[in-house]
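# Overview (structure and organization)
The residues making up each chain are set out below.
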Amino acid sequence: MTSWRKSPRAASPRGLFMSRLGRPAGADDGVALVVVVGSMLVLAMLAMTALAYTLSSQKFARHDQDYLAAMTAAQSGVEDVISRLNRDDTFGTVLDCSDTAWKGPTTETNTCGWTTSTAPGWLPVKPGETDPAAAWFHYSIDASTAGTQGTITVTSTGRVNGVYRTVQTAVGKGGSTDYVYYTNFEDADPSNVQAYPPDGATTAVCGGGTSPAPKYWYQGRSGCQEITFISGDELDGAVFTNDSILSSGASFLKGVESANPGCSSVNPADPTTWNSCLRPGSTANFNGIAPKLADPKYLDDNSAAFATNPGCHYYGSTRVIFSSNGKMTVWNKTSNNDGRLPTSIAPPGGTAPNCGTSLSDLDNGVTLDVPDNMVIYVAPSTVSKRQCFGGEIGGPSGRELPLGDYSSADLTPTSGTKYTFDTNMTEVDKFCGEGNLYVEGTLKGRVTVSAAQSVIATGDIVLAGGMNGSDMLGLVATNSVEIFHPRLEELTYTYSHGVYRWIVSAGESEVSGWPTRYTDPTTGTKNPSTGIQIAGSIQTLQHSFLVQKYNVGGDAGTLLVNGSIAQKWRGIVGQGSGWYQNGYTKLYRYDTRLQYSTPPYFPRWANSQWSLRYSGEITTPGGVRNSSP
């Protein structure tokens, strides 16, 4: 039988280990001490490394937190300016001595006692805060572009625990230039004598008379001239109406907003419900963007302001042709302006433009610089109002307006006297002496053309720098903005039914060569190939954007607007469709530059609020950095 006996060496692993080293058991204690001390040293180094890392992480975390908080503080400064603007539209135009956040070095003459060495002022984000390491903001305001571009520049710096960040923003009020198309009412202008012959609408719900107020379609309007978007119409930009749209297959490519209560039943996830935002029976291509209900927006009739805006002010019917070199040729004949020279108004801190200093020059057409970042305004004159004689508005040789040969001699006719005339000129609001502006050409610069009566586009109006340049045009009329469509008629003074009278000897006919076409610098072609282009923002404060004699003359091609359109009443630009169409098919494209800027002195919504238009971070100005609350 095998018996096992415990070995003295095998009883201790330590004994075994030391035996293999061949060292006496008495040396173990010294080696162990070295191992223990070494281990402690390693552990201490690891602990120190961990501690250093933790302290460093805390520092970075602190900085990150302050960095983010400083940006929030800067944005609080912008919000502070916006809230002040919404309480007072004029805030920002002059230094506000009570605004601590605005206090800072300035060269502007002021009553605050601020000088070029004034230290920046700071306001705490949290009212009442006194800790200088907390969140504070300081800002500066530049309102010099408020009139010319519709925005105010705010540079706001946030400061938190010694960390600074700065944003530069543009704040502005919303306006019709937010949309490619805006209407208050979707029925025809009650003053349109073609839609409501012979004297315009007489029914109150259609806008005839002064009371009661006209109605939106969803309020029960009926018996009015309703207008339809047709299948060829394309609106490439956001659309807004306080009314409800009637559409037969039109394309709304960037969305529709409407105050029509029917829009409340739209389910964005269910396209079969989207037509409920239009009138019953309507069809449309929404391009996958659900229409939606919106609060009404109203135009502010501030046309009176144009009479005092900086720029060139003419009196009586006036014609302007822009040139691509930044010039314009102006005709403003003495028989229209009653011998009154134009008024030139300087912008704040600027120089008054040359608007023409000789009546004879204005009779013959004078070439001047475009009043950049200002307006061209036409007011009525004191001359007796009457139908203009042929050529009396003026223009280049062979293309004078009005067309026809009606003259002063026809006021005392004899048997057989005859003359031709543009039938549009018999409308009383087109009479000489009224404030109408006829315009066409290639614009280089930024200007708003405006009129106490109507602005009439006699040809393409394109931008010298194209749609990606800095040129920008506004067209604002207290009456209407119209597309020129002359129609000539002949009258003969003859004996008829026992008396001499004027009778129509040749009925209305088309006039070839109008509107004038100009090459679009963006495309290098006449764009569209058939029709007319207006590269500008249109606003008619009391009436509409329309085509003269829209209901005759056959298919005129495409009406291309590169900009925006806002009108009180729906203007008519064509009638019918397909082979029996008269007038134009619509192609309205939004100018995306309008998101950030507007033509000079362009009107804004009557019920709009100031808001952020765009923003970007910049380097904190040296004078602000290292200043403290």
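Residues numbered from 1 in each chain as written. Predicted model: local features only at pLDDT ≥ 70, side-chain atom pairs only at ≥ 80, totals over all residues. Heavy atoms only, no water.

## As for the overall build of the protein chain
Within the protein chain, the secondary structure is distributed over 6 helices and 32 strands. Taking 2.2 N^0.38 as the reference for a compact globule, 629 residues should give roughly 25 Å; the C-alpha atoms of the protein chain span a radius of gyration of 37 Å, well beyond that estimate. In terms of its C-alpha atoms, the protein chain occupies a principal-axis envelope of roughly 160 × 75 × 50 Å. Sorting the 629 residues of the protein chain into buried and exposed places 49% on the buried side. Pairs at least 24 residues apart make up 68% of the contacts formed inside the protein chain by residues separated by at least 6 positions. Summed over all atoms, the accessible surface of the protein chain reaches about 28,400 Å², with 54% contributed by carbon and sulfur. In the protein chain, 45 positive and 54 negative side-chain charges are present, and the distance between their average locations comes to 13 Å. (Helix = DSSP H or I, 4+ residues; strand = E, 2+ residues; numbered from the N terminus. Rg over C-alpha atoms; globule rule 2.2 N^0.38 Å. Buried < 20%, exposed > 50% of the residue type's maximum accessible area, 1.4 Å probe, protein only. Contact = heavy atoms within 4.5 Å. Areas by Shrake-Rupley, 256 points an atom, 1.4 Å probe, with all protein chains shown as cover. Lys, Arg positive; Asp, Glu negative; His and termini not counted. Charge placed at Lys NZ, Arg CZ, Asp CG, Glu CD.)

## Some words on the sheet that holds strand E24 (residues 487–496)
Ordered by their spatial adjacency, 3 strands build an open sheet running E18-E24-E25, and the pairing between neighbours is antiparallel. Looking at the sheet topology across the chains shown, the edges are occupied by strand E18 (418–422) and strand E25 (499–510). On average, each strand axis in the sheet is tilted by 25° relative to the strand beside it, whichever way the strands run. Summarising the sheet, E24 and E25 pair through 9 bridges and their orientation is antiparallel. What sits directly across from Ser-496, in E25, is Val-499. (Pairing = 2+ DSSP bridges. Axes fitted to C-alpha atoms, helices over the stretch in contact; angles between N-to-C directions.)

## Section: the pairing of strand E17 (residues 374–379)
By the criterion of burial, E17 is predominantly enclosed, with 6 of the 6 residues buried. Residues Met-374, Ile-376 and Val-378 line one face of E17 and the alternating positions Val-375, Tyr-377 and Ala-379 line the opposite face, and both faces are buried. Bridge analysis of strand E12 (residues 311–315) against E17 gives 5 bridges, and the strand direction is parallel. When the bridges of E17 are listed, His-313 appears paired with Tyr-377. Alignment of E17 against strand E20 (residues 446–451), held across 5 bridges, turns out to be parallel. Bridging from a neighbouring strand, Val-378 pairs with Ala-451 of E20.

## A short note on the side chain of Asp-66
With respect to the element layout, Asp-66 can be found in helix H2 (residues 28–87). For Asp-66, a relative accessible area of 3% puts it in the buried group.

## Focus on the nonpolar core
Within the largest apolar cluster, 69 residues are counted, with the highest numbers of intra-cluster contacts made by Tyr-314, Phe-322, Leu-559 and Tyr-588. In this structure, Leu-559 is in contact with Ile-483, Ile-532, Phe-545, Val-547, Val-573, Tyr-584, Thr-585, Lys-586, Leu-587 and Tyr-588, ignoring residues within four places of it in sequence. Among the nonpolar cores identified, the runner-up in size contains 21 residues, and Leu-95, Trp-114, Ala-143 and Ile-152 belong to it. (Core = buried A, V, L, I, M, F, W, Y, C linked by side-chain atoms within 4.5 Å.)

## Description of a nonpolar patch on the surface
A surface patch of nonpolar side chains, amounting to about 300 Å² of accessible area, comprises Val-42, Leu-43 and Leu-46. Here Val-42 lies in helix H2. (Patch = residues over 30% accessible without salt bridge, like charges linked within 9 Å, V, L, I, M, F, W, Y side chains within 5 Å. Salt bridge = Lys/Arg side-chain N within 4 Å of Asp/Glu carboxyl O.)

## A word on unusual backbone geometry
In the segment running from Pro-197 into Pro-198, the intervening peptide bond is cis, with an omega of 0°. Turning to its location among the elements, Pro-198 is positioned in the loop between strand E5 (181–188) and strand E6 (234–236). A positive phi angle, near 55°, is found at Asn-287, a position not held by glycine. Looking at where Asn-287 falls in the secondary structure, it is placed in the loop between strand E10 (283–285) and strand E11 (292–293). In this structure, Asp-338 takes a positive phi of about 60° despite not being glycine. Within the secondary structure, Asp-338 is located in the loop between helix H5 (334–337) and strand E15 (343–345). Residue Asp-338 is classed as partly exposed on the basis of its relative accessible area of 42%.

## A look at the pattern of salt bridges
Going through the model one piece at a time under the given rule, you end up with 23 salt bridges. The salt bridge involving Glu-226 is made with Arg-279; its shortest N-O contact spans 3.0 Å. You can see Glu-226 sitting in the loop between E5 and E6 and its partner Arg-279 sitting in the loop between strand E9 (256–258) and E10, a full 53 residues away along the chain. On the accessibility criterion, Glu-226 (25% relative accessible area) is partly exposed. We classify Arg-279 as buried; its relative accessible area is 3%.

## Digging into the pairing of E20
Most of E20 is tucked away: 6 of the 6 residues are buried. Along E20, one buried face is formed by Arg-446, Thr-448 and Ser-450 and the opposite face, lined by Val-447, Val-449 and Ala-451, is buried too. By the bridge criterion, 6 bridges tie E20 to strand E22 (residues 472–477) in an arrangement that is parallel. Its bridge partner being in E22, Arg-446 is matched across the sheet by Met-472.

## Observations concerning the state of the cysteines
In total, this model carries 5 disulfides according to the counting rule given. Note on cysteine connectivity: Cys-97 is disulfide-linked to Cys-112, with sulfurs 2.0 Å apart. Judged by the torsion about the S-S bond (-80°), the Cys-97/Cys-112 disulfide is left-handed. You can see Cys-97 sitting in the loop between H2 and strand E1 (123–124) and its partner Cys-112 sitting in the loop between H2 and E1, a full 15 residues away along the chain. On the accessibility criterion, Cys-97 (40% relative accessible area) is partly exposed. Cys-312 shares a disulfide with Cys-355; S-S distance 2.1 Å. (Disulfide = S-S within 2.5 Å.)

## Description of the sheet that holds strand E3 (residues 151–160)
As summarised here, the arrangement of the 5 strands in space is E1-E2-E3-E4-E32, forming an open sheet in which the pairing is antiparallel. Edge positions in the sheet fall to E1 and strand E32 (610–618), since each has one partner strand and no second. Here 10 bridges tie E3 to strand E4 (residues 163–173), and the two strands are oriented antiparallel to one another. Bridging from a neighbouring strand, Ile-152 pairs with Val-171 of E4.

## What about the environment of Gln-168?
Mapped onto the elements, Gln-168 comes out in strand E4. The class for Gln-168 is partly exposed, based on a relative accessible area of 36%. Leave out the neighbours within four places in its chain, and Gln-168 touches Thr-153, Val-154, Thr-155, Tyr-614, Ser-615, Gly-616 and Ile-618. A distance of 3.0 Å separates a polar atom in the side chain of Gln-168 from a polar atom in the side chain of Thr-155. (Polar contact = N/O pair within 3.5 Å; in protein donor to acceptor, adjacent residues only side chain to side chain.)

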